[in-house]
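Each chain is listed here by its residues.
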Amino acid sequence: MILRDIILFFLIQIAFISFAHAEAYMEGKNGWKWNPKWWRFRLPGGYWYTAYHVYIYVFTFPILIMLPLVAHGWEWHLFYVLLFSWCIGSNLADFLWFVVNPLYPLKKWNPRQTRWYPWITVGTWHMPQAYVIRFLIAFLLLIPILRAWTMW
């Protein structure tokens, strides 16, 4: 179980890393708003979520990541591992977009220059709100994952 979980986790992270490169190439310097023809919906605080991101992060990635449940059958532990991997991978892909994008470099990863999502600020520390939420979910999922590992 432990080896399977680790392999799945790393395969999912590799997929997200690959996607970060492709997304940076597609979006260039424009980030979330690179195609004005897409439908969007407003989030609280005046932020927008685009059709592209709904399709990728709400439908496509979760469906692909859940394929092991279809192949293996439902198992809560496997579900927790896959959801944990999605939470970490989503944060990783979004952050790497800034690392690999020469047209919108990492130095712009801050609330002043990257305004397409809400940020949490504590003193001089800044983090996108979605990252914090996904890290919290991942942390909560890690508890039953590690508990199952220690039972073996």
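Located above this text is the structure these notes cover.
The rules behind the values
Residues numbered from 1 in each chain as written. Predicted model: local features only at pLDDT ≥ 70, side-chain atom pairs only at ≥ 80, totals over all residues. Heavy atoms only, no water. 1 Å grid on protein atoms, 1.4 Å probe; cavity = no way out; pocket = protein on both sides within 12 Å on 5 of 7 lines; lining within 4 Å. Points joined across faces, edges and corners; volume = space filled by probe spheres on them. Pairing = 2+ DSSP bridges. Helix = DSSP H or I, 4+ residues; strand = E, 2+ residues; numbered from the N terminus. Salt bridge = Lys/Arg side-chain N within 4 Å of Asp/Glu carboxyl O. Buried < 20%, exposed > 50% of the residue type's maximum accessible area, 1.4 Å probe, protein only. Phe/Tyr/Trp six-rings, centres within 6.5 Å; stacked < 30°, edge-to-face > 60°. Lys NZ or Arg CZ within 6 Å of the ring centre and 35° of its normal. Axes fitted to C-alpha atoms, helices over the stretch in contact; angles between N-to-C directions. Parallel < 35°, antiparallel > 145°, perpendicular 65-115°, else oblique. Left-handed = near helix turned anticlockwise from the far one by under 90°. Contact = heavy atoms within 4.5 Å. Nonpolar A, V, L, I, M, F, W, Y, C, P; charged D, E, K, R; others polar.

Student: What is the right way to read the layout of surface pockets from this model?
Tutor: By rolling a water-sized probe across the atoms, one finds the places where empty space is left. The calculated volume of the largest pocket comes to roughly 540 Å³. Around the largest pocket sit 27 residues that line it, and Trp-32, Tyr-49, Tyr-117, Ala-130 and Arg-134 are the ones nearest its centre.

Student: Before we go on, may I ask you to explain the pairing of strand E1 (residues 40-43) in this structure?
Tutor: Two faces, one strand: in a regular strand the side chains alternate between the faces of the sheet. One ladder, built from 4 bridges, connects E1 with strand E2 (residues 47-50); its direction is antiparallel. Note on E2: the bridge partner recorded for Leu-43 is Tyr-47. With antiparallel pairing between neighbouring strands as the criterion, E1 and E2 make up a hairpin whose turn holds 3 residues, including Gly-45 at a positive phi of roughly 90°.

Student: Sorry if this is basic, but what is going on with the pattern of salt bridges here?
Tutor: Close approach of charged atoms allows side chains with opposite charge to pair. Taken as a whole, this structure holds 2 salt bridges when the rule is applied. Between Glu-75 and Arg-4 there is a salt bridge; the shortest N-O distance is 3.1 Å. Of this pair, Glu-75 sits in the loop between helix H3 (67-72) and helix H4 (76-100) while Arg-4 sits in helix H1 (residues 2-27); the two residues are 71 residues apart in sequence, bridging distant segments of the chain. Among the residues examined, Glu-75 registers a relative accessible area of 23% and is labelled partly exposed.

Student: What exactly am I supposed to notice about the environment of Leu-140 here?
Tutor: Considering the arrangement of structural elements, one finds Leu-140 in helix H5 (residues 129-150). According to the relative accessible area criterion, Leu-140 is exposed, its value standing at 56%. Residues Leu-140 and Leu-103 lie 37 residues apart in sequence; the distance between their C-alpha atoms is 36 Å.

Student: Just checking my understanding: could you explain the packing of aromatic side chains for this structure?
Tutor: When we look at a pair of aromatic rings, we describe it by the centre distance and by the angle of the planes. In this structure the tally under the stated criterion is 23 aromatic pairs. Centre to centre, the rings of Phe-98 and Trp-116 are 6.2 Å apart; their planes meet at 5°, and the pair counts as stacked. Linking Phe-98 in helix H4 with Trp-116 in the loop between H4 and strand E3 (119-122), this pair joins segments that are 18 residues apart in sequence. The same class applies to Phe-98 and to Trp-116, which are both buried. Ring plane angle 65° and centroid distance 5.3 Å describe the contact between Trp-109 and Trp-119, whose orientation is recorded as edge-to-face. Of the two residues, Trp-109 sits in the loop between H4 and E3 while Trp-119 sits in strand E3, which places them 10 residues apart along the sequence. In textbook terms, an aromatic cluster arises when at least three aromatic residues are bridged by ring pairs, as seen for Phe-95, Trp-97, Phe-98, Tyr-104, Trp-109, Trp-116, Tyr-117, Trp-119 and Tyr-131. Lying over the aromatic face of Tyr-104, Lys-108 brings its terminal NZ or CZ to 4.9 Å of the ring centre.

Student: I keep staring at the packing of H1 against helix H2 (residues 51-65) and nothing clicks. Help me out?
Tutor: Packed helices, taken two at a time, are described by the angle their axes make and the gap between the axes. H2 packs onto H1 with a crossing angle of 160° between their chain directions and a minimal axis gap of 13 Å. The orientation of H1 with respect to H2, classified from their angle, is roughly antiparallel. The handedness of the crossing between H1 and H2 is right-handed. Here H1 contributes Ile-12, Phe-16, Phe-19, Glu-23, Met-26 and Glu-27 to the contact with H2, which in turn contributes Tyr-52, His-53, Ile-56, Tyr-57, Phe-61 and Ile-65. Looking at the contact of H1 with H2 residue by residue, the classes come out as 9 nonpolar, 1 polar and 2 charged.

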